[in-house]
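The lines below spell out each chain.
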Amino acid sequence: MTMTYLRNVAKISLKTEKCIGCGICVNVCPHEVFIVNNRKAVLKYKDNCIECGACDKNCPFKAIEVKAGVG
Amino acid sequence: MEDKIIKKFNNKNEESISDDKILHLVSGTIDSSIGEIKKITEEWLMKDTLGAISVRLGFGRDTYKVPTGLYALGNPNSDSPVLVTANYKLTLDYVRRDINGLDVWILIIDTKGVNVWCAAGKGTFSTEEIIYQIKKCKLEKLVNHRELILPQLGAPGVEAYQILKYTGFTAHYGPVSSKDIKAYLKNNKKATTEMRKVNFNTVDRLTVAVLELVHSIKLLSYIFLLILITTIFSEVSFNGYSKFLIALNNTIPYLVAIIIGSIFVPLLLPFIPFKMFSVKALVLAVLWSFVVIRYKEVFMYINDWRVLTAHVLGLTSVIVYLGLNFTGSSTYVSFSGVYKETILTIPVLVVAIFMSLALLVSKIFI
Ligand code: SF4
Ligand code: SF4
């Protein structure tokens, strides 16, 4: 069962122009937030994001910005 | 990044970690190009099981750690995969158990005895620590390949491309759960979507709930004291023993409330409507309040609207507070979401607790 939390609160943004579609963000995200479509990442399930920051840290092109919380 | 790595290498007072948690697992050594490497067994012995139970209950968690460095599982050689993991003993135990029968190297890094996910969040499961351990252990001399497998849950703390830049090792993110490592390796180091997902199933929720219960049960003594004090002053016609007995019985619904808040809210999480944890908890709180009011004689509550309202508010506050608290242990919430929920809930809780106390105190005087 997939549980979802509050909507429209996750602070995550994607600069599509920097993205080359390598798919690393898809690999590191534990909640299937991204898909890669036409060589570009898309925030498909933005409300699933838990702001862990894994995508932000691992995107080699710095295309993602997450305001990761402490803790 | 450079300065962080340099700082690691210059750190003179690196903690020396005792090997008493792992000594019983060492089954021999393996001769390698960089000298002897300790071989550890996949088996769980009694000591490991008891240790696991105790940390799950919240005892000895801070010291449940093992020394960093390279270990051999099975009979690895210079072509065998290298798995990186945290130096929390329980983490190592799961890895050992779940990859039995394979020949791999385990590189344990210093996460201060904290599991991978929490350590990544705290910044100890980090790029610089991995780089430091690779260099310190001379990994490039041990293996012919240049690949590492990191647990996916370490990703929030690690920049994989930096590891490549500084060590020449390509870091692959493996599955979330150590249970899938075997399948992952068989699948040519490709994790399936299922392996990448963090679940929060009943067992997961129950595991953390037990820990919550151990933490929150302490609340009960404060509640008992409060009830005892108000009883002493308001029920002047009773003798001391009866007052004690009343206070004791009055506290029982709070014990149940703590169990509801720390065990049943987590357990029933997906089945209770609403998104906010505090509102989910409120649903159970209302139900429990009804039961308590219905059977108020059983718990020796006197039939006075102030006392009953005070306890309904008190019980509800306990359950809602514990429900809100569980956001911290759940795996699908964001910091921003929890922040929003917290600032919505806390003022209401404060007012409720204040009213509850005011009512009980007012009973003393009027
Ligand atoms: S990791 Fe960065 S560059 Fe790669 S697909 Fe994701 S956003 Fe695009
Ligand atoms: S912050 Fe974490 S949960 Fe959110 S999109 Fe990035 S990897 Fe996924």
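Everything quoted here is computed from the prediction, not taken from an experiment.

1. Regarding the overall build of chain B
And then number 1: What chain B contains, in helices and strands, is 15 helices and seven strands.
And then number 2: In terms of overall size, chain B is more extended than a compact globule, its C-alpha atoms giving a radius of gyration of 26 Å where 366 residues would be expected to give roughly 21 Å.
And then number 3: Considering chain B as a whole, with its 366 residues, one finds that 50% of them fall into the buried category.
And then number 4: Summarising the internal contacts of chain B: among those between residues at least 6 apart in sequence, 71% fall at separations of at least 24.
And then number 5: Counting only carbon and sulfur atoms, one obtains 64% of the accessible surface of chain B, whose full area is about 17,600 Å².
And then number 6: Charge-centre separation for chain B: the mean point of 39 positive side chains lies 5 Å from the mean point of 30 negative side chains.

2. Some thoughts on the side chain of B:H145
All names here are of chain B.
And then number 1: With respect to the element layout, H145 can be found in the loop between α6 (139-142) and β6 (147-150).
And then number 2: At 2.7 Å, the side chain of H145 and the backbone oxygen of S80 are in polar contact.
And then number 3: If we ignore the near neighbours within four places in the chain, the residues touching H145 are S78, D79, S80, P81, V82 and F169.

3. With respect to the site of ligand 2
And then number 1: Taken together, 13 residues lie around ligand 2, and A:C29, A:C49, A:C52, A:G53 and A:C55 are the ones closest in.
And then number 2: Taken together, the residues of the shell around ligand 2 break down into eleven nonpolar, one polar and one charged.

4. Considering helix α13 (residues 277-294) of chain B
And then number 1: The end-to-end C-alpha separation of α13(B) is 26 Å, in line with the 26 Å expected for 18 residues at 1.5 Å each.
And then number 2: Among the structural elements, α12 (240-268), α14 (305-325) and α15 (335-365) of chain B are those in contact with the buried residues of α13(B).

5. So, the packing of helix α11 (residues 219-234) of chain B against α15(B)
All names here are of chain B.
And then number 1: Closest axis-to-axis distance for the α11/α15 pair is 8 Å, and the angle between their directions is 25°. Classified by the angle their axes make, α11 and α15 are roughly parallel. α15 is crossed by α11, and the crossing has left-handed handedness. When α11 is examined against α15, the residues L226, T230, F233 and S234 are found in contact with a partner set consisting of L357, L360, K363 and I364.
And then number 2: Partitioned by chemical class, the residues of the contact of α11 with α15 number five nonpolar, two polar and one charged.

6. A look at the site of ligand 1
And then number 1: Residues in contact with ligand 1 amount to 13 residues; listed here are only the nearest, A:C19, A:C22, A:G23, A:C25 and A:C59.
And then number 2: Among the residues forming the shell around ligand 1, the class breakdown is eleven nonpolar, two polar and no charged.

7. Quick look at helix α2 (residues 46-56) of chain B
An α-helix turns once per 3.6 residues; consequently, residues spaced three or four apart project the same way.
All names here are of chain B.
And then number 1: Within α2, the full set of buried residues consists of D48, G51, A52 and V55. Buried residues along α2 cover an arc of 100° about the axis, so they all sit on one side.
And then number 2: Looking at the buried side of α2, the elements it contacts are α3 (89-98) and α10 (202-216).
And then number 3: Backbone geometry just downstream of α2 places G58 in the positive-phi region, at approximately 95°.

8. Observations concerning the nonpolar core
Residue and element names in this part refer to chain B.
And then number 1: Judged by nonpolar contacts, the single largest core of 55 residues is most densely connected at I130 and L148.
And then number 2: Filtering out sequence-adjacent residues up to four positions away, I130 remains in contact with V84, I109, F125, L148, L150, V158 and I163.
And then number 3: Ranked by size, the runner-up nonpolar core spans 35 residues in total, among them I227, A257, I272 and F299.

9. What to know about the packing of aromatic side chains
Residue and element names in this part refer to chain B.
And then number 1: Throughout the structure, instances matching the rule amount to 13 aromatic pairs over all chains.
And then number 2: For the pair F9 and Y132, a centre-to-centre distance of 5.0 Å together with 80° between the ring planes defines the contact as edge-to-face. Highlighted residues: F9 in helix α1 (residues 2-10) and Y132 in helix α5 (residues 127-136), separated in sequence by 123 residues.
And then number 3: On the basis of relative accessible area, Y132 is assigned to the buried category, the value being 9%.
And then number 4: Sitting above the plane of the Y295 ring, R294 keeps its charged end 4.9 Å from the centroid.

About the thresholds
Residues numbered from 1 in each chain as written. Chains lettered and ligands numbered in written order. Predicted model: local features only at pLDDT ≥ 70, side-chain atom pairs only at ≥ 80, totals over all residues. Heavy atoms only, no water. Helix = DSSP H or I, 4+ residues; strand = E, 2+ residues; numbered from the N terminus. Rg over C-alpha atoms; globule rule 2.2 N^0.38 Å. Buried < 20%, exposed > 50% of the residue type's maximum accessible area, 1.4 Å probe, protein only. Contact = heavy atoms within 4.5 Å. Areas by Shrake-Rupley, 256 points an atom, 1.4 Å probe, with all protein chains shown as cover. Lys, Arg positive; Asp, Glu negative; His and termini not counted. Charge placed at Lys NZ, Arg CZ, Asp CG, Glu CD. Polar contact = N/O pair within 3.5 Å; in protein donor to acceptor, adjacent residues only side chain to side chain. Near = heavy atom within 4 Å. Nonpolar A, V, L, I, M, F, W, Y, C, P; charged D, E, K, R; others polar. Expected span 1.5 Å × (residues − 1). Axes fitted to C-alpha atoms, helices over the stretch in contact; angles between N-to-C directions. Parallel < 35°, antiparallel > 145°, perpendicular 65-115°, else oblique. Left-handed = near helix turned anticlockwise from the far one by under 90°. Arc of directions from axis to C-beta. Core = buried A, V, L, I, M, F, W, Y, C linked by side-chain atoms within 4.5 Å. Phe/Tyr/Trp six-rings, centres within 6.5 Å; stacked < 30°, edge-to-face > 60°. Lys NZ or Arg CZ within 6 Å of the ring centre and 35° of its normal.

Scope: geometric values only; no functional claims are made or implied.
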